[in-house]
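# Observations on the three-dimensional arrangement
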Amino acid sequence: MDIKTFALIGAAGFVAPRHMRAIKDTGNRLVAALDPNDSVGVIDSYFPTADFFTEFERFDRHIDKLRRRGNAVDYVSICSPNYLHDAHMRFALRNGANAICEKPLVLNPWNIDGLHEIEAETGARIYNILQLRLHPSIVALREAAQAVADRLHDVEITYITSRGNWYQRSWKGQVEKSGGIATNIGVHFFDMLTWVFGPVRYSSVHLNRPDCAAGHLELAGAHVRWFLSVNADHLPVKQRVQDRRTYRAITVDGAAVEFSTGFTDLHTQSYQQILEGRGFGIDDARQAVETVYHIRNTAPQGLQGDYHPLCAQIR
Ligand SMILES: NC(=O)c1ccc[n+]([C@@H]2O[C@H](COP(=O)([O-])OP(=O)(O)OC[C@H]3O[C@@H](n4cnc5c(N)ncnc54)[C@H](O)[C@@H]3O)[C@@H](O)[C@H]2O)c1
């Protein structure tokens, strides 16, 4: 396979090194990176000769110059804050490159229609990182669910991933930039759930706060109670005693899904699939974007209906 060239937007952030590694591990090359923050020494571990820009205008000019010289970048990887994904994907496609974008692809369902138009106009493609679909436990769960498709499953999902005070101060704590906790933290799980159990028939929200959210989903193949939190006070006592900051539990019909390992390299696997023409495109992202949009815009009903048991403990 010939070597593909990449540009990366949001190079100084938390998730960017996973993309640098995926580009390197798939035998390709990062040629340019952008971030207003210049704490990007990590680039040297992967692509020390890549050009780096802190200003969009100069990055834009550089990408355009490469294109005019016949060296257009093949892909732009997007690791910027969620609300900028739409603009950054448009930038990529207008420059003749395909886009590989972090989750959530966009914040609002109507943005997806606009992206379809720009794909059609440019002939370039947009791919979304939906790495839980590659997790071996989730793949096995989907196969099992499809084998028993004649009844509704009962699913409970709990994800507590403690974040310090910085979280609410950063763009991640601002609903207009991140979409809030159900979007920013939950979109992976809502994508995974609908990929495994089918589309959403009905959704209700019991709790929606800056630090936690909970609700109920009726999917084609399952009833789901979900609870998401970034607040360490919501961790089970056992976790706190062991000084563990994350608690992740999924049960299906009362049985736990083993889901504690298998997360390494999923970005590299996502890149492999994209490069082989099997990446997840705009339409794969649509259901989860619609689900989190709906959750974001639903008034929480409190402790009524089929709520997650942890809701009763939240003050
Ligand atoms: N797939 C996953 O498992 C996973 C994990 C974490 C984050 N993410 C997603 O990746 C993206 C980045 O998240 P993160 O945790 O790395 O956040 P982060 O805040 O650590 O990084 C975001 C980076 O974008 C930069 N940035 C801000 N404005 C910019 C602009 N106008 N142009 C270019 N860069 C800009 C910031 O300076 C920062 O370095 C988000 O969309 C997030 O939802 C995905």
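Before going further, it helps to spend a moment on the domain arrangement of the protein chain. When cut into domains, the protein chain gives domain 1 (5-128) and domain 2 (132-313). In this structure, domain 1 and domain 2 have C-alpha centres spaced 26 Å apart. Broken down by secondary-structure element, the contributors of at least two residues to the side of domain 1 that touches domain 2 are helix H1 (16-25), helix H4 (109-122) and strand S6 (126-128). The biggest single contributor to the side of domain 1 that touches domain 2 is H1, with six residues.

This part covers H1. Note: α-helices contain 3.6 residues per turn, so residues at a spacing of three or four share the same orientation. Within H1 the residues assigned to the buried category are Ala16, Arg18, His19, Met20, Ala22 and Ile23. On its buried face, H1 is in contact with strand S1 (5-9), strand S2 (29-34), strand S4 (75-78) and helix H11 (266-275). Backbone geometry just downstream of H1 places glycine 27 in the positive-phi region, at approximately 80°.

In this section: unusual backbone geometry. A cis amide bond, omega -20°, links lysine 103 with the succeeding residue proline 104. Here proline 104 shows up in the loop between strand S5 (98-101) and H4. In this structure, aspartate 243 is a non-glycine residue whose phi angle is positive, near 60°. Tracing the backbone through its elements, the reader meets aspartate 243 in the loop between helix H10 (237-241) and strand S11 (246-252). Residue classification places aspartate 243 among the exposed residues on the basis of 6 C-beta atoms within 10 Å.

The strand order across the open sheet built from six strands is S8-S9-S10-S7-S11-S12, with neighbouring strands paired in mixed fashion. Sheet topology places strand S8 (200-208) and strand S12 (255-256) at the edges, where each strand pairs with a single neighbour. Contacts from helix H9 (residues 187-197) reach strand S7 (153-161), S8, strand S9 (212-219) and strand S10 (222-229) within the one sheet, and its direction differs from that of S9 by about 15°.

A word on the sheet that holds S4. Strand order in the open sheet formed by six strands is S3-S2-S1-S4-S5-S6, and the pairing between neighbours is parallel. Among the strands making up the open sheet, the edge pair consists of strand S3 (51-53) and S6. Neighbouring strand axes in the sheet, compared pairwise and without regard to direction, differ in orientation by 20° on average. Relative to S4, S1 is paired through four bridges, and the arrangement is parallel. Paired with leucine 8 across the two strands is serine 77, which belongs to S4.

The next subject is the environment of aspartate 86. Relative to the assigned elements, aspartate 86 resides in helix H3 (residues 85-94). Separated by 181 residues in the primary sequence, aspartate 86 and histidine 267 place their C-alpha atoms 20 Å from one another. If we ignore the near neighbours within four places in the chain, the residues touching aspartate 86 are Val106 and Asn111.

Moving on, we come to the pairing of S5. Remember that side chains alternate between the two faces of the sheet whenever the strand is regular. Going residue by residue along S5, you find Asn98 and Ile100 tucked away on one face and Ala99 and Cys101 tucked away on the opposite face as well. As defined by bridge partners, S4 adjoins S5 across four bridges and the pair is classed as parallel. Residue tyrosine 75 lies in a different strand from S5, and its bridge partner there is asparagine 98. The parallel pair S4 and S5 is bridged by H3, and the resulting crossover is right-handed. In terms of strand pairing, S5 meets S6 through three bridges, oriented parallel. Residue pairing for S6: alanine 99 is matched across the bridge by isoleucine 126. Assessed by its sense of winding, the connection that carries the chain from S5 through H4 to S6 is right-handed.

Before going further, it helps to spend a moment on the nonpolar core. The biggest cluster of nonpolar side chains holds 88 residues, and the ones touching the most others in it are Leu8, Ala33, Val76, Ala99, Leu193 and Leu228. Looking at which element gives the most residues to this core, the answer is H9, with eight residues. Residue-level mapping places this core at the junction of two domains, with at least three residues from each of domain 1 (5-128) and domain 2 (132-313). Setting aside anything within four residues of it in sequence, one finds valine 76 in contact with Ala7, Ile9, Ala92, Ala97 and Ala99.

Let us look at helix H2 (residues 56-68). Given a rise of 1.5 Å per residue, 13 residues ought to cover 18 Å, and the 18 Å separating the end C-alpha atoms of H2 matches this to within 8%. Along H2, the residues that are buried comprise Phe59, Ile63 and Leu66. All buried residues of H2 lie within an arc of 60° about the axis, which places them on one face of the element. Opposite the buried face of H2, by more than 90 degrees, sit the exposed residues Glu57, Arg58, Arg61, Lys65 and Arg68.

The rules behind these values
- Residues numbered from 1 in each chain as written.
- Predicted model: local features only at pLDDT ≥ 70, side-chain atom pairs only at ≥ 80, totals over all residues.
- Domains from an automatic or database assignment.
- Helix = DSSP H or I, 4+ residues; strand = E, 2+ residues; numbered from the N terminus.
- Buried ≥ 20, exposed ≤ 12 C-beta atoms within 10 Å, placed from the backbone.
- Contact = placed C-beta atoms within 7 Å.
- Pairing = 2+ DSSP bridges.
- Axes fitted to C-alpha atoms, helices over the stretch in contact; angles between N-to-C directions.
- Right-handed = clockwise from strand over helix to strand, strands pointing away.
- Core = buried A, V, L, I, M, F, W, Y, C linked by C-beta atoms within 7 Å.
- Expected span 1.5 Å × (residues − 1).
- Arc of directions from axis to C-beta.

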